[in-house]
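Descriptive structure summary
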Amino acid sequence: MTGETAPTSLLLVDDEKTLREPLAEYLVRQGFVVREAESAAAARSVLIDFTPDLVLVDIMMPGEDGLSLTRHLVEAKGLPVILLTAKSEAMDRIVGLEIGADDYVPKPFEPRELVARIRSVLRRTGKDRTSEPATDDEHFVYAFEGWELDPLKRRLIDPDGALIAISTAEFRMLKALCDHPRQVLDRDRLLDMVQGREAHLFDRAVDNQVSRLRRKIEVDSRNPELIQTVRGGGYRLAADVTRIPRPA
């Protein structure tokens, strides 16, 4: 159909077939177009007639290693790269980031975490075809049920005008809910929206952040009215959210 957004394409480069093939199948189920390569040489051949939106590169491979391939991908192709690394490859991870890799994921990893990292890198590099247009956070404050959330200063103000301490993770969670008021956001989507490189992405991480937020903004956190749990679905901010101009 005309105007339809093409799916995001990935190149997965890993010599370990037992990891590469199941991971490729999982990524396809997540909506990505995936090409595979078992070596750096094979990846270079694939790139002759295929330009992916992002490349996943295993560092330790026979022949040309992943760091050498990454340098080529970044310098010659201008492609985003996520490194797949073993826990013992700390120095290689540092080198990889220094030569231009966008992120790294230590093995073994949860495929869902990798998907979240992929989407995060795509957003940062402007290659995310599914995200909503960015909003200019400098000019507005979220307002809901007397509360105000300042996305620029990352401050939460209660209905009495008091400043409420809020962590970075709690801020990301509340901002995600404010961006989608009265919509049900499942855990996978929340993980994708709020994760940072330092985050440990598990379902309990979402639940824990929501519990902390409830203790700060609910009258009774055990019977929440603002951040509601939707059984089998996720969470919903049960309030209308307006964006008010930032005070001069």
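Before going into details, it helps to say that this report is about the structure given with it. (Residues numbered from 1 in each chain as written. Predicted model: local features only at pLDDT ≥ 70, side-chain atom pairs only at ≥ 80, totals over all residues. Heavy atoms only, no water.)

1. Examining the nonpolar core
Formally: In these notes, a set of buried Ala, Val, Leu, Ile, Met, Phe, Trp, Tyr and Cys residues joined through side-chain atoms within 4.5 Å is what counts as a nonpolar core. For each residue, the accessible area found with a 1.4 Å probe, counting protein chains only, is set against the maximum for its type, and the residue is called buried under 20%, exposed over 50%, and partly exposed in between. Only DSSP runs of H or I reaching four residues or more are called helices, and only runs of E reaching two or more are called strands; each is numbered from the N terminus. Throughout, a contact is declared for two residues whenever any of their heavy atoms are within 4.5 Å.
Ranked by size, the top nonpolar core spans 26 residues in total, and within it Phe144, Leu174, Cys178, Ile227 and Leu237 carry the most contacts. Residue assignment for this core shows that the elements contributing at least two residues are strand 6 (140-144), strand 7 (147-150), helix 6 (168-179), helix 7 (187-194), helix 8 (203-217) and strand 11 (234-237). Considering each element in turn, this core owes the most residues, six residues, to helix 6. Aside from chain neighbours lying at most four places away, what touches Cys178 is Tyr142, Phe144, Leu149, Leu237 and Val241.

2. Some remarks on the packing of aromatic side chains
Cut-off, in case you're wondering: Here is the rule: rings of Phe, Tyr and Trp (six-membered ring for Trp) pair when centre to centre is within 6.5 Å. Planes less than 30 degrees apart are stacked, more than 60 are edge-to-face, and the remainder are tilted. Lysine and arginine charges are scored as sitting over a ring when NZ or CZ, respectively, is within 6 Å of the ring centre and within 35 degrees of the ring normal.
For the structure on display, the rule yields one aromatic pair. Geometrically, the ring pair formed by Phe140 and Tyr142 is edge-to-face, given 5.1 Å between the ring centres and 90° between the ring planes. In this structure, Phe140 and Tyr142 share a single accessibility class: buried. Against the face of Phe50 rests Arg35, its NZ or CZ located 4.9 Å from the ring centre.

3. What about the sheet that holds strand 7?
We apply this condition: Strands are treated as partners if at least two bridges between them are detected by DSSP.
The sheet built from five strands is open, its strands ordered 9-8-7-6-12 with antiparallel pairing. In the strand order of this sheet, the two ends are held by strand 9 (163-164) and strand 12 (242-245), each with one partner. Bridge count for strand 6 against strand 12 is four bridges, and the pairing is antiparallel. Residue Phe140 lies in a different strand from strand 12, and its bridge partner there is Pro245.

Shape is all these values report; function is a separate question.
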